Amino acid sequence: MGFFNTIASFVGFGVGTSLGLVIGYYLFIYFQTTDVKDPTIRPLVELDSKTLQQLLPEIPFWVKNPDYDRLDWLNKFIECMWPYLDKAICKTARTIAKPIIAEQIPKYKIDSVEFETLSLGSLPPTFQGMKVYSTDEKELIMEPSLKWAGNPNIIIAIKAFGLRATVQVVDLQVFAVPRITLKPLVPSFPCFANISVSLMEKPHVDFGLKLLGADAMSIPGLYRIVQELIKDQVAKMYLWPKALEVQIMDPSKAMKVPVGILHVKVLKAVKLRKKDLMGGADPYVKLKLTDDKLPSKKTTVKYNNLNPEWNEEFKVVIKDPESQALELNVYDWEQFGKHDKMGMNIIQVKELTPDEPKVLTLNLLKTMVPNDPENVKTRGQLSVEVLYNPFKANELPENAEDGNAIEKAPDGTPSGGGLLVVIIHEAEDVEGKHHTNPYARLTFKGEERKTKHVKKNRDPRWGEEFQFTLEEPPTNEKLLVEVQSASSKMGLLHPKETLGYVHINLSDVVSNKRINEKYNLIDSKNGRIQIELHWRTR
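Each chain carries its own residue numbering, running from 1 in the written order of its sequence. Local features in this predicted model are restricted to residues whose pLDDT is 70 or higher, and side-chain atom pairs enter the listing and the counts only when it is 80 or higher, whereas totals over whole chains, interfaces and linings include all residues. Working from all heavy atoms in the structure, the side-chain values ignore hydrogens and water.

UniProt positions are given in the numbering used here, feature names are shortened, and annotations may be inferred rather than shown by experiment. Here the protein is described in UniProt, under the heading Cofactor (unreviewed entry), as follows: "Ca(2+)". As stated in UniProt under Sequence similarities (unreviewed entry), the record for the protein gives "Belongs to the synaptotagmin family."

Asks: Would you mind going over the overall build of the protein in detail, with residue names and values included?
Replies: Strands here are runs of E lasting at least two residues and helices are runs of H or I lasting at least four, both read from the DSSP assignment and numbered beginning at the N terminus. When you go through the protein residue by residue, the secondary structure sums to 7 helices and 26 strands. Relative to its full complement of 538 residues, the protein shows a buried share of 38%. In the protein, the share of contacts with a sequence separation of at least 24, taken over all contacts with a separation of at least 6, comes to 65%. Using a 1.4 Å probe, accessible areas were evaluated by the Shrake-Rupley method; residue-level cover was limited to the displayed protein chains. About 33700 Å² of surface is accessible on the protein, with carbon and sulfur atoms providing 56% of the total. The classification of residues rests on relative accessible area computed with a 1.4 Å probe and restricted to protein chains. Under 20% of the type maximum is buried, over 50% is exposed, and intermediate values are partly exposed. Contacts are residue-level and defined by heavy atoms, with any inter-residue pair within 4.5 Å sufficient.

Asks: Before we move on, could you go through unusual backbone geometry and cite the residues and values that matter?
Replies: Across the junction of K183 and P184, the peptide omega takes the value -10°, indicating a cis bond. Looking at the secondary structure, you find P184 in the loop between β6 (178-182) and β7 (194-199). Of note in this structure, K271 is not a glycine but carries a positive phi near 55°. Following the sequence through the fold, K271 ends up in the loop between β11 (260-270) and β12 (283-289). On the accessibility criterion, K271 (68% relative accessible area) is exposed.

Asks: So what's going on with the pattern of salt bridges? Which residues, and what values?
Replies: The term salt bridge refers to a side-chain nitrogen of Lys or Arg lying within 4 Å of a carboxyl oxygen of Asp or Glu. Enumeration according to the criterion identifies 12 salt bridges in this entry. A single salt-bridge network, built from bridges that share partners, covers K91, E428, K518 and R528.

Asks: With reference to specific residues and values, describe the sheet that holds strand β20 (residues 438-444).
Replies: Sheet strands line up and pair through hydrogen bonds in the backbone, either parallel or antiparallel. With respect to topology, 4 strands assemble into an open sheet ordered β21-β20-β23-β24, the strand pairing being antiparallel. The two strands at the open ends of the sheet, each matched to only one other strand, are β21 (447-450) and β24 (496-505). On average, each strand axis in the sheet is tilted by 20° relative to the strand beside it, whichever way the strands run. At least two bridges found by DSSP between two strands are what make those strands a pair. Orientation is described by axes fitted as lines to C-alpha atoms, over the contacting stretch for helices, and by angles from 0 to 180 degrees between their N-to-C directions.

Asks: Could you give an account of the environment of K265, with specific residues and numbers?
Replies: With respect to the helices and strands, K265 occurs in strand β11. Judged by relative accessible area, which is 25%, K265 ranks as partly exposed. Residues K265 and V384 lie 119 residues apart in sequence; the distance between their C-alpha atoms is 5.6 Å.

Asks: For the confidence of the model for the protein, give the residues involved together with the corresponding values.
Replies: Considering every residue of the protein, the mean pLDDT works out to 78; 74% of them sit at 70 or more. Known as pLDDT, the predictor's per-residue confidence is scaled from 0 to 100. Throughout residues 397-404 the model reports pLDDT below 50, and contacts reaching past four residues in sequence, or to other chains, amount to 8 contacts.

Asks: Tell me about a nonpolar patch on the surface, and name the residues and values.
Replies: Only residues whose relative accessible area exceeds 30% and that form no salt bridge are eligible for patches; like-charged ones are grouped when within 9 Å, while nonpolar side chains (Val, Leu, Ile, Met, Phe, Trp, Tyr) are grouped when within 5 Å. Together, W73, F77, M81 and Y84 line one region of the surface with nonpolar side chains, adding up to about 480 Å² of accessible area. With respect to the element layout, M81 can be found in helix α4 (residues 72-104). Exposure remark for M81: the relative accessible area of 32% places this residue in the partly exposed category.

Asks: Give me the lowdown on the pairing of β6, citing residues and values where you can.
Replies: Among the 5 residues that make up β6, 4 are buried, leaving the element largely enclosed by the rest of the structure. Bridge analysis of strand β3 (residues 140-149) against β6 gives 3 bridges, and the strand direction is antiparallel. Looking across to β6, one finds that I141 is bridged to T181. Of the pairings in the sheet, the one linking β6 to β7 comprises 5 bridges and is antiparallel in character. Paired with P178 across the two strands is L199, which belongs to β7.

Asks: Which residues make up the nonpolar core, and what are the values?
Replies: Core analysis: the biggest nonpolar cluster contains 29 residues, and L420, V422, I424, L479, I529, I531 and L533 have the highest contact counts within it. For this core, the secondary structure elements donating two or more residues are β19 (418-428), β20, β22 (461-470), β23 (478-486), β24, α7 (507-512), β25 (514-520) and β26 (528-536). Excluding its chain neighbours within four sequence positions, the residues that come into contact with L420 are F444, F466, Q467, F468, L470, L506, V509, H534 and W535. What we call a nonpolar core is a set of buried Ala, Val, Leu, Ile, Met, Phe, Trp, Tyr and Cys residues that are connected through their side-chain atoms within 4.5 Å. Membership of the second largest hydrophobic core comes to 28 residues, among which are L272, W310, L328 and I347.

Asks: With reference to specific residues and values, describe the packing of aromatic side chains.
Replies: For any pair of aromatic rings, the description rests on two quantities: the centre-to-centre distance and the angle between the ring planes. Pairing of aromatic side chains here covers Phe, Tyr and the six-membered ring of Trp, requires ring centres within 6.5 Å, and sorts the geometry by plane angle: under 30 degrees stacked, over 60 edge-to-face, intermediate tilted. Tallying each qualifying case throughout the model produces 4 aromatic pairs. Ring geometry for Y303 versus W333: centroids 5.6 Å apart, planes at 90°, classification edge-to-face. A residue pair is termed long-range when its members are at least 10 positions apart, and Y303 in the loop between β13 (297-298) and β14 (309-318) and W333 in the loop between β15 (325-332) and β16 (340-348) qualify at 30 residues. Y303 gets classed as partly exposed once you look at its relative accessible area, which sits at 48%. In this scheme, Lys NZ or Arg CZ marks a charge over a ring once it lies within 6 Å of the ring centre and within 35 degrees of the ring normal. Cation over ring: K147 sits above F175, and NZ or CZ is 5.4 Å from the ring centre. Here the basic side chain of R449 rests over the ring of F468, its NZ or CZ set 4.4 Å away from the ring centre.

Asks: For the side chain of R528, give the residues involved together with the corresponding values.
Replies: By secondary structure assignment, the location of R528 is in strand β26. The class of R528 is buried, set by a relative accessible area of 18%. Within the structure, the side chain of R528 is placed 3.5 Å from the side chain of N520, a separation counted as a polar contact. Sequence-distant contacts of R528, that is, excluding residues within four places in its chain, are made with Y84, K87, E426, A427, E428, K518, Y519, N520 and L521. Two N or O atoms count as a polar contact when they lie within 3.5 Å, although within protein this holds only if one can serve as hydrogen donor and the other as acceptor, and sequence-adjacent residues are included solely when both atoms are side-chain atoms.

Asks: Tell me about the sheet that holds strand β18 (residues 381-390), and please be specific about residues and values.
Replies: Spatially, the 4 strands line up as an open sheet ordered β14-β11-β18-β17, and their pairing is antiparallel. With partners counted over all chains shown, the strands left at the sheet margins are β14 and β17 (358-363), one partner each. Adjacent strand axes in the sheet meet at a mean angle of 25°, parallel and antiparallel pairs treated alike. Strand direction decides the pairing type here: β17 and β18, joined by 6 bridges, are antiparallel. Counted as the bridge partner of L362 is L382 from β18.

So this is what it looks like as structure tokens:
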């Protein structure tokens, strides 16, 4: 009987389930409720503004307000550029925050506050529209409507009383209407001297906060307190008419335009002091104009010579002859380590007679500080020929303001070859496993050159130039640039490590004459290095 009962129960379950499905389907298809009414459809033009706002809470500013312009092109641009803008903004944020944190932490007895991780995520902000104001002043005023629902990864490490805690900011939302003022407008790129940013109203800020890996915002009442506190603090600092001021350039200097060309011919040096252990020196001359941000110009290196002759010519653009001066520094080139300074002197442009060439013999000094006892020592003399040509009325040579104009190779360069100039500007996001004291090492045709070491810096700046005189164009050659780190502590454990490297084909610089690019470092997570290359021929 038990067996038959089991069979009967299975059969009953199957029949009942099938019958229920058939009946349910029939009722769903052929029976409808009578209390459901068809929705009322009305044109949008018949609705009042309040109802429209409820129906379309995300309507962009350019639709609601005719004073706002549509910015689809800008949103597309930001979307494409966001991976690069993310790194640039984070780098600037670290630079701005570092002195502010250093000033504030002593008040709270905190040892250190550092960004362990700083990334704005993969979701860029969007602009709902922008309003532009026209004024009679030399300024440009913009009010963009900004909305950003991002996925940043911001981890801040705090050390205090021997303990270490981490705070992570996630799921950030920011809605704001800033006023951005570019003032004053000047005739030098980027065509404005200062950026001023104000908030026209309190911003909406929403985010998640994880303390030691736990969601701190889940604590009752803390979420609203933190949110209101941030709104009040941001509004207190930047709510209009208060503003965040960022100076791009000195307005007084930006308004100045070139007024002349200074021709400099480095002739020779005599009786230079011995610097090497073997009683010699490898001198070269570096030329730079005061109040000029362009890289220094350099002569070639004269190896093992205390009375070198160069006869090399240079041109520099003069913007203010009353204040600018030509600074001449003589260095002893070293294959390894820092180049030793052998002496210096300056030439005031205002002391030169216009359109009259003049040969000057300058005593090399230790410093330009008056009455410096170090200047009593004899360091040799440097002879130069200078000629200042002021521009005539309505005369401005082509490329006079272009500091990147192609220069010619100096006299003595092989006629079939040229001068390869390598300028190592800076690197970013380099990090070693055991230490980060970066320097760059160049290897070309078996010859090695090195920049100076920068201690404990993930974004080192070198700005150092290296020159190679070649018998023929390096069309089939490669330049190896490595970023390495050397331990600052004595010991044999991890004395050096490689932070990344790059191979550069030199055929492009031969055809283009000049290249200035940032290269992704191989064997580095996010490291990049900026290198400028010049190929100069006679």
